[in-house]
Amino acid sequence: MSVSSSVWLPYKFLFTFLYLSFWFCPQSTLQLSVSTLFLFFCTYSFLPHLNELNRSPQNQIPNYSQWDEAMMSKELKQVLIPGPLIIGAGPSGLAVAACLKKRGVPSLILEKENCMASLWNLKTYDRLRLHLPKKFCELPYMKFPSEFPAYPTKQQFISYLEDYAKSFSIEPMFGQEVRWTKYDRSMRLWQVEAKESKFLCRWLIVATGENAEPVVPEIAGISNFGGRLLHTSIYKNGADFKGSKVLVVGCGNSGMEVSLDLCNSGAQVSLVVRDKLHVLPREIFGISTFALSMWLLKWFPVSLVDGLILLCSRMILGDTGQIGIKRPEFGPLHLKNATGKTPVLDVGAVAKIRSSEVKVVCGIRRFTAKGVEFVNGEVQEFDSVILATGYRSNVASWLKEGNFFSQKDGYPKNPFPNNWKGEDGAYSVGFTRRGLYGASIDAQRVAEDIARQWKSQMKHLHLDL
Ligand SMILES: Cc1cc2nc3c(=O)[nH]c(=O)nc-3n(C[C@H](O)[C@H](O)[C@H](O)COP(=O)(O)OP(=O)(O)OC[C@H]3O[C@@H](n4cnc5c(N)ncnc54)[C@H](O)[C@@H]3O)c2cc1C
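About the cut-offs
- Residues numbered from 1 in each chain as written.
- Predicted model: local features only at pLDDT ≥ 70, side-chain atom pairs only at ≥ 80, totals over all residues.
- Helix = DSSP H or I, 4+ residues; strand = E, 2+ residues; numbered from the N terminus.
- Buried ≥ 20, exposed ≤ 12 C-beta atoms within 10 Å, placed from the backbone.
- Contact = placed C-beta atoms within 7 Å.
- Expected span 1.5 Å × (residues − 1).
- Arc of directions from axis to C-beta.
- Core = buried A, V, L, I, M, F, W, Y, C linked by C-beta atoms within 7 Å.
- Pairing = 2+ DSSP bridges.
- Axes fitted to C-alpha atoms, helices over the stretch in contact; angles between N-to-C directions.
- Near = placed C-beta within 6 Å.

## Some remarks on the overall build of the protein chain
Line of reasoning, step 1. A count of helices and strands for the protein chain gives 13 helices and 22 strands.
Line of reasoning, step 2. Counting only residues that meet the buried cut, the protein chain has 33% of its 465 residues in that class.
Line of reasoning, step 3. Within the protein chain, contacts between residues at least 6 apart in sequence are counted, and of these 67% link residues at least 24 apart.

## Quick notes on helix 6 (residues 154–167)
Line of reasoning, step 1. Look at helix 6: 20 Å from first C-alpha to last across 14 residues, which is about the 20 Å you get at 1.5 Å a residue.
Line of reasoning, step 2. Within helix 6, burial applies to F157, Y160, L161 and Y164. Looking straight down helix 6, one finds that the buried residues subtend no more than 95 degrees of arc, so they occupy a single side.
Line of reasoning, step 3. Each element contacted by the buried residues of helix 6 is listed here: helix 4 (91–102) and helix 5 (118–122).
Line of reasoning, step 4. Looking one or two residues beyond helix 6, the residue adopting positive phi is S169, at roughly 50 degrees.

## Some words on the nonpolar core
Most often, soluble globular proteins have nonpolar side chains that are buried together.
Line of reasoning, step 1. Counting 60 residues, the largest nonpolar core has L85, L94, V96, I205 and V429 as its most contacted members.
Line of reasoning, step 2. Not counting chain neighbours up to four residues away, the residues in contact with L85 comprise L108, L110, V192, F199, C201, L204 and I205.
Line of reasoning, step 3. If you look at the next biggest cluster of nonpolar residues, it comprises 40 residues, including F225, M256, V361 and V385.

## Concerning the sheet that holds strand 11 (residues 268–272)
Hydrogen bonds between backbone groups are what pair the strands of a sheet, and the pairing can be parallel or antiparallel.
Line of reasoning, step 1. Across the sheet, which stays open at both edges, the five strands sit in the order 9-20-10-11-16 with parallel pairing between neighbours. The strands lining the two open edges of the sheet, one partner per strand, are strand 9 (228–231) and strand 16 (358–361). Going across the sheet, the axis of each strand differs from the next one's by a mean of 20 degrees, ignoring polarity.
Line of reasoning, step 2. The sheet contact formed by strand 10 (residues 245–249) and strand 11 spans five bridges and is parallel. The residue bridging V248 from the neighbouring strand is L271, located in strand 11.
Line of reasoning, step 3. Along the sheet, helix 7 (residues 253–264) makes contact with strand 10, strand 11, strand 16 and strand 20 (384–387), crossing strand 11 at roughly 170 degrees.

## Some details on the site of the ligand
Line of reasoning, step 1. Close to the ligand lie 35 residues, the nearest being G88, G90, G209, G430 and G435.
Line of reasoning, step 2. Counting only elements with at least two residues in the shell around the ligand, the list comes to helix 4, helix 5 and helix 13 (435–460).
Line of reasoning, step 3. Here the shell around the ligand takes four residues from helix 13, the largest share from any one element.

## Structural notes on the sheet that holds strand 4 (residues 180–184)
Line of reasoning, step 1. Within the open sheet, the four strands sit side by side as 1-6-5-4. Their pairing is mixed. Of all strands in the sheet, those with a lone pairing partner are strand 1 (78–80) and strand 4, marking the two edges. Adjacent strand axes in the sheet meet at a mean angle of 20 degrees when their direction is disregarded.

## Here we look at the pairing of strand 20
Line of reasoning, step 1. For strand 9 and strand 20, the ladder comprises four bridges, and the chain directions are parallel. Each bridged residue has a counterpart across the sheet, and for R228 the counterpart in strand 20 is S384.
Line of reasoning, step 2. With four bridges joining them, strand 10 and strand 20 adopt parallel strand pairing. The residue bridging V246 from the neighbouring strand is S384, located in strand 20.

## Describing the environment of Q191
Line of reasoning, step 1. Mapped onto the elements, Q191 comes out in strand 5 (residues 189–193).
Line of reasoning, step 2. As for Q191 and R202, which are separated by 11 residues in sequence, their C-alpha atoms are 9.1 Å apart.
Line of reasoning, step 3. Not counting residues within four places of it along the chain, the set of residues in contact with Q191 comprises T181, K182, D184, K198 and L200.

## A closer look at unusual backbone geometry
Line of reasoning, step 1. Cis rather than trans, the peptide bond between F416 and P417 has omega equal to 10 degrees.
Line of reasoning, step 2. Along the chain, P417 falls in the loop between helix 12 (395–398) and strand 22 (426–428).
Line of reasoning, step 3. Even without being a glycine, S356 presents a positive backbone phi close to 65 degrees.
Line of reasoning, step 4. For S356, the position within the fold is in the loop between helix 11 (349–354) and strand 16.
Line of reasoning, step 5. A residue is classified by how many C-beta atoms lie within 10 Å of it, and S356, with 9 of them, is exposed.
Line of reasoning, step 6. At R433, a position not held by glycine, the phi torsion is positive, near 60 degrees.
Line of reasoning, step 7. With respect to the helices, strands and loops of the structure, R433 is situated in the loop between strand 22 and helix 13.
Line of reasoning, step 8. Look at R433 and you get partly exposed, because 17 C-beta atoms sit within 10 Å.

## Description of helix 7
Because each turn of an α-helix spans 3.6 residues, side chains separated by three or four positions end up pointing in the same direction.
Line of reasoning, step 1. With 12 residues, helix 7 extends 17 Å from end C-alpha to end C-alpha; this agrees with the ideal 16 Å at 1.5 Å per step.
Line of reasoning, step 2. A large share of helix 7 lies buried, amounting to 11 of its 12 residues.
Line of reasoning, step 3. When we look at burial in helix 7, the residues that qualify are N253, S254, G255, M256, E257, V258, S259, L260, D261, L262 and C263.
Line of reasoning, step 4. Of the surrounding elements, those touching the buried residues of helix 7 are strand 10, strand 11, strand 15 (344–346), helix 11, strand 16 and strand 20.

## Digging into the environment of G371
Line of reasoning, step 1. Along the chain, G371 turns up in strand 18 (residues 371–374).
Line of reasoning, step 2. We classify G371 as buried; it has 20 C-beta atoms within 10 Å.
Line of reasoning, step 3. Spatially, the C-alpha atoms of G371 and V246 are 9.7 Å apart, while their sequence positions differ by 125 residues.
Line of reasoning, step 4. Every residue in contact with G371, bar those within four places of it in the chain, is listed here: V379, Q380, E381 and F382.

## Looking at the environment of V302
Line of reasoning, step 1. Structurally, the position occupied by V302 is in helix 9 (residues 302–317).
Line of reasoning, step 2. Placed 35 residues apart in sequence, V302 and N337 show a C-alpha to C-alpha distance of 9.5 Å.
Line of reasoning, step 3. The residues touching V302, leaving out its near neighbours within four places in the chain, are L297, L333, H334 and N337.

Below is the structure:
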């Protein structure tokens, strides 16, 4: 790395100017001599320190060849990153890296797994498709291929993300789980400890997702259950479950779809529905329910749009209360805004429940060796239990900084749209509870903000990039 000597050239001019002006000002001989000596001393003793100041850590920006060498070197444990460091190579991490690149800012992504978009590659079931139409799931600057269907399959979405990374030359560092991050006030840099190296950076972007860790509920006796117990993050398809009795715990989008998948594979499925929830058809008269809601919201208040959507849902799905799925007091959009809770978009599970191929059961009191006891006292045996109990953020476990993210739920403390920026150069992408659409909005805002700082820093530094 080299900081050019031209950086302190202006200071030389300044001191020379002051030095000369003292010579030409009418002053007493003694004053003049003392001032001259003092200025001479200041100029030549302070300038080397100015140079030192310019080499303080936040200005130490290595060039790329040295950075690469540093990455290669087994001995080097601490690496200074010139641009932002992004944690997580999911859609959010890729989106912000691309937005930064568009604005001329280099970045590095650390990813804990050995692939991009690990949620989609490793933790999702085979029949998964995007829940929302593709136009609401595009990342910035790249559309889905026109030949993709309105709801792309999981494989199509993964291939889109791979093409996205390729077209922006994004190459994450894999196998680098970030375990600890703290802001060092004396250096004015973030210290990031990953699996194999330590990193220092001025800008830290948290993109580890709302779904980083599977949630496994603590239910009495769960460890005594002798059957097969797995989370939906492990479930791939129903082939292994043909003819067996399976209990699916949780009725969000994953729970409903896994129940449908199991049923289609010949399993006897029971679905635990504990709370009230909104199930909506994925499409209303051929139009995506999500798109229709967004459009209606431009003209009408939330309460009216909720009323219209619920009326249409009733016409298409019937009264879900009659099949054991009671609706909450407030409408789906009102609830989404107030609590972030997403309504379930039905892709066929409701019909299976209506035909009693999927049985709705109440909450679990405790597990037994062979099954469960429900809160109504009924005891049933099951061969397998699949926990569709969702995911949670893992940020609170590694980000050792209290103001930006909540320790309680691992989300930024400020809600959308003020969630994306923390203090001291910390940012977040993908914690909006608004899926890929929200991640894209965050990515643009974060990149814009960092690019502004990067450019002003560049003006002050002459770099060997
Ligand atoms: C089954 C399912 C279907 C969904 N369908 C849709 C949909 O159709 N439309 C939509 O808009 N949204 C959908 N979502 C919601 C959301 O958009 C996706 O979860 C999306 O993948 C979020 O992207 P992300 O990059 O924020 O998080 P993730 O995709 O979870 O990516 C985060 C990355 O960070 C890595 N990571 C985590 N912790 C660390 C660490 N400590 N160090 C280094 N790396 C780390 C992970 O390995 C992962 O690769 C869906 C979610 C799920 C679970």
